[in-house]
Amino acid sequence: PQPVTFALDHVQMLISDVSLLFSFPFSITARINQNDASVFTVNGKISVPKRSLAADISLTNADLSILRDYLNLYKIPVQGGLATIDSKLEIDKFESVKLTGNVHLQGMSVGIASFIDKEAQQQIYLEGAEAKLNFATVWDIPKQLLTFQKIEGTVFSGAYHGEGFIRGIGTDPYVKLV
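Summarised in this report is the structure supplied together with it. The structure presented is a predicted model; accordingly, all values stated were derived computationally and were not measured.

### Comments concerning the pairing of strand β6 (residues 78-92)
In step 1: Relative to β6, strand β5 (residues 52-63) is paired through ten bridges, and the arrangement is antiparallel. Directly across from leucine 53, in β6, lies its bridge partner isoleucine 91.
In step 2: Direction of pairing for β6 relative to strand β7 (residues 96-111): antiparallel, over a ladder of 13 bridges. Considered in β7, the bridge of leucine 89 is made with leucine 99.
In step 3: The turn joining β6 and β7, which pair antiparallel and follow one another in sequence, is formed by three residues; a positive phi near 55° is taken by lysine 93.

Shown next as structure tokens:
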């Protein structure tokens with residue numbers, strides 16, 4: 001898939017007490033696409049000897065329309081809405097990546113015809129849709145295996161619970177930040 005490009009501005013990065021022997025803290029904040037309400041933050045610690053990283057990541061009021069072309073590649077017809085994400089990221093020896101947290105999608109414009117009938121010629125959009133999900137994922141990089149340990153919450157006001165995996169995930173990034 002083609003990478004998704006985001007414009008970041010007002011980027012602030014703070015790295016203190018840098019050490020090759022001990023873990024040290026860092027923080028990053030930025031606005032996305034010149035939107036004052038859309039803020040991306042990362043606060044964490046890096047350990048060079050352990051080759052690990054632990055961080056809290058949050059994204060507030062991100063406009064989903066910037067992902068439209070990317071989501072359409074996967075037949076997910078989202079036209080707009082806002083996303084707020086709070087998560088924890090753990091990278092261990094660059095062999096596994098764990099990501100847990102919650103996502104709140106609100107005011108979405110979502111096409112539903114393709115979910116009902118894969119051959120649908122015209123899309124029908126549901127406006128103002130909402131979803132709240134808690135998730136836990138692990139990406140085993142050497143095995144190229146992405147495991148969804150937990151996905152639960154509400155989608156379109158209905159309860160949802162899921163789990164699963166995707167094999168053959170490569171090491172190329174799906175999201176490109178500029």
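There is more to say, and it comes next.
### Notes on unusual backbone geometry
In step 1: The backbone phi angle of asparagine 61 is positive, close to 55°, even though this residue is not glycine.
In step 2: Take asparagine 61: its relative accessible area is 23%, and that puts it in the partly exposed class.
In step 3: A positive phi angle, close to 55°, is found at phenylalanine 94, a residue other than glycine.
In step 4: Take phenylalanine 94: it is sitting in the loop between β6 and β7.
In step 5: Residue phenylalanine 94 is classed as exposed on the basis of its relative accessible area, which comes to 54%.

### A word on the pattern of salt bridges
In step 1: Tallying each qualifying case throughout the model produces two salt bridges.
In step 2: For arginine 31, the salt bridge goes to aspartate 9, with nearest N and O atoms at 2.7 Å. Here aspartate 9 lies in strand β2 (residues 8-15) and arginine 31 lies in strand β3 (residues 24-32), a separation of 22 residues in the sequence.
In step 3: The shortest N-O distance in the salt bridge between aspartate 56 and lysine 88 comes to 2.8 Å. With aspartate 56 in strand β5 and lysine 88 in strand β6, this residue pair connects regions lying 32 residues apart in the sequence.
In step 4: In this structure aspartate 56 comes out as partly exposed when scored by relative accessible area, which is 38%.

Rules used in this analysis
Residues numbered from 1 in each chain as written. Predicted model: local features only at pLDDT ≥ 70, side-chain atom pairs only at ≥ 80, totals over all residues. Heavy atoms only, no water. Pairing = 2+ DSSP bridges. Helix = DSSP H or I, 4+ residues; strand = E, 2+ residues; numbered from the N terminus. Buried < 20%, exposed > 50% of the residue type's maximum accessible area, 1.4 Å probe, protein only. Salt bridge = Lys/Arg side-chain N within 4 Å of Asp/Glu carboxyl O.

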